Amino acid sequence: MKWLRWRRTVTTPAERAVHMALHTASLAAKPLRRGLDADSAREAAPSLRALTGAEALGVSDSSGTLLAWDGPHTELEPVFADAARRAVETGRPVLVSGAGTGGRSVLAQPLVTEYNGMVGALGAVTSDQPDPGMVGAVAEVARYACGQIELAELDASRARLDRAEVRALRAQISPHFIYNALNTIASFVRTDPVRARELILDFADFTRYSFRSAGEFTVLADELKNIDRYLILERARFGDALQVRLQVAPEVLNVVLPFLALQPLVENAVRHGLAGKAGGGTIVITAVDEGTDCVISVEDDGVGMNPELLRSGGLDAAEGAHVGLGNVDDRLRAAFGDDYGLVVETAPGAGTKVSMRVPKFRAGIQV
């Protein structure tokens, strides 16, 4: 038998330098991805100073107020703050040297982002007049910092959009359902007070969950609990005309999905699938494990619709039919990618099936 001995390849000094620069840049990126404030500036400043090679480094906000200082020469903090204000006002780098700097130079580079404009300034302290290489290095590091701050702004904008879409979805919870649910409860007050009290509790729990303020995501188990409350109220109105079958694999109950992603699917199945069908019908809710994904579907044997209307006008087409599905489709794609939108199968008289595919795990997506 012949043994092969693996030899470790020693990297060159240039390769080690590149690796170290990339590692340092990643350390600076993590706090800046939260946006620019005193905490993120304080965490990022040591790595930013290492990238510039400066003796000391300062970070200010858009008013020139010092957010963080890393390194010696703290007596130059007021000098940097003044230079930062001028850099922010003019949008150009400001160099201060000579009297009042102890023989050192302070270079303030403005931080300008695409979306919020001027957000602050980055300052580097050098022992003498900075050469073009140092000036270029500070400018590049400032540009890199701005890129990370822009990503934080995009994340914040996406979060605000997600919250707005959830608010819009809440507004689309059918007023007819609320009116009918209250009427149904009222009809039981005299004939069956115990049932009326139970329905009132279900209605309260349904509205409490639907209008909660915490998080843009939830787990499948919680969505199913809220759908059960909704269906209890609808079955109290429709009686035996509304049949429901649930087929859920236990291993997918903790799958994370956008908040209120299933409610519109079930409500549309009741409103547009069964309410217009003589004799009522059946809704089947399934959730199955498919490897790295979970596939969830809501199917009814109701009146269905012309699929051409969906193709021509999108998921919120057909004179309000399937209101809210376009919102859910957009949120699924924004959270998980274009492979995870809604799939609608329908035809006149053949019912409707709406399916979604959700990854069982996705980095950065949590409740």
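Residues numbered from 1 in each chain as written. Predicted model: local features only at pLDDT ≥ 70, side-chain atom pairs only at ≥ 80, totals over all residues. Heavy atoms only, no water.

## Notes on the overall build of the chain
Then comes step 1: Looking only at helices and strands, the chain has 10 helices and 12 strands in total.
Then comes step 2: Across the 367 residues that make up the chain, the buried fraction comes to 46%.
Then comes step 3: In the chain, the proportion of contacts linking residues at least 24 apart, taken out of those at least 6 apart, comes to 63%.
Then comes step 4: As displayed, the chain has an accessible area near 19100 Å², and 54% of this comes from carbon and sulfur atoms. (Helix = DSSP H or I, 4+ residues; strand = E, 2+ residues; numbered from the N terminus. Buried < 20%, exposed > 50% of the residue type's maximum accessible area, 1.4 Å probe, protein only. Contact = heavy atoms within 4.5 Å. Areas by Shrake-Rupley, 256 points an atom, 1.4 Å probe, with all protein chains shown as cover.)

## Observations regarding the pattern of salt bridges
Then comes step 1: In total, this model carries 13 salt bridges according to the counting rule given.
Then comes step 2: The shortest N-O distance in the salt bridge between Arg357 and Glu290 comes to 3.1 Å. Of this pair, Arg357 sits in strand β12 (residues 352-359) while Glu290 sits in strand β9 (residues 281-290), placing them 67 residues apart in sequence.
Then comes step 3: In this structure Arg357 comes out as partly exposed when scored by relative accessible area, which is 31%.
Then comes step 4: Given a relative accessible area of 40%, Glu290 falls into the partly exposed group. (Salt bridge = Lys/Arg side-chain N within 4 Å of Asp/Glu carboxyl O.)

## A few points about the packing of aromatic side chains
Then comes step 1: Under the criterion given, the structure shown has four aromatic pairs.
Then comes step 2: Aromatic pair Phe336 and Tyr340: ring centres 6.0 Å apart, planes at 65 degrees, arrangement edge-to-face. No difference in accessibility class separates Phe336 from Tyr340, as the two residues are buried.
Then comes step 3: Above the plane of the ring of Phe188 lies Arg195, whose end atom (NZ or CZ) is 5.0 Å from the centre. (Phe/Tyr/Trp six-rings, centres within 6.5 Å; stacked < 30°, edge-to-face > 60°. Lys NZ or Arg CZ within 6 Å of the ring centre and 35° of its normal.)

## Topic: the sheet that holds β9
Then comes step 1: Taken in spatial order, the five strands line up as β7-β9-β10-β12-β11 in an open sheet, and their pairing is mixed. The two strands at the open ends of the sheet, each matched to only one other strand, are β7 (242-248) and β11 (342-346). In this sheet, adjacent strand axes meet at a mean angle of 10 degrees when their direction is disregarded.
Then comes step 2: The pairing of strand β10 (residues 293-300) with β12 spans eight bridges and is antiparallel. Each bridged residue has a counterpart across the sheet, and for Asp300 the counterpart in β12 is Thr352.
Then comes step 3: Sheet contacts for helix α8 (residues 263-274): β7, β9, β10, β11 and β12; angle to β9, the most-contacted strand, approximately 150 degrees.
Then comes step 4: Packing of helix α10 (residues 325-336) onto the sheet brings it into contact with β11 and β12, and relative to β12 it is tilted by some 20 degrees. (Pairing = 2+ DSSP bridges. Axes fitted to C-alpha atoms, helices over the stretch in contact; angles between N-to-C directions.)

## Observations concerning the confidence of the model for the chain
Interpretation of the predicted coordinates at a detailed level should be avoided for regions scoring low in pLDDT.
Then comes step 1: Averaged over every residue, the pLDDT of the chain is 82; the share at 70 or more is 83%.
Then comes step 2: Of the regions scoring below 50 in pLDDT, residues 317-321 engages in eight contacts with residues more than four places distant in sequence or in other chains. (pLDDT = per-residue confidence, 0-100.)

## Comments concerning the side chain of Gln148
Then comes step 1: With respect to the helices and strands, the residue Gln148 is situated in helix α4 (residues 132-171).
Then comes step 2: On the accessibility criterion, Gln148 (12% relative accessible area) is buried.
Then comes step 3: Look past the residues within four positions of Gln148 in its chain and what remains in contact with it is Ala29, Leu32 and Arg33.

## Examining unusual backbone geometry
Then comes step 1: Phi at His73 is positive, roughly 60 degrees, even though this residue is not glycine.
Then comes step 2: Its identity is not glycine, yet Leu260 carries a phi of approximately 60 degrees, on the positive side.

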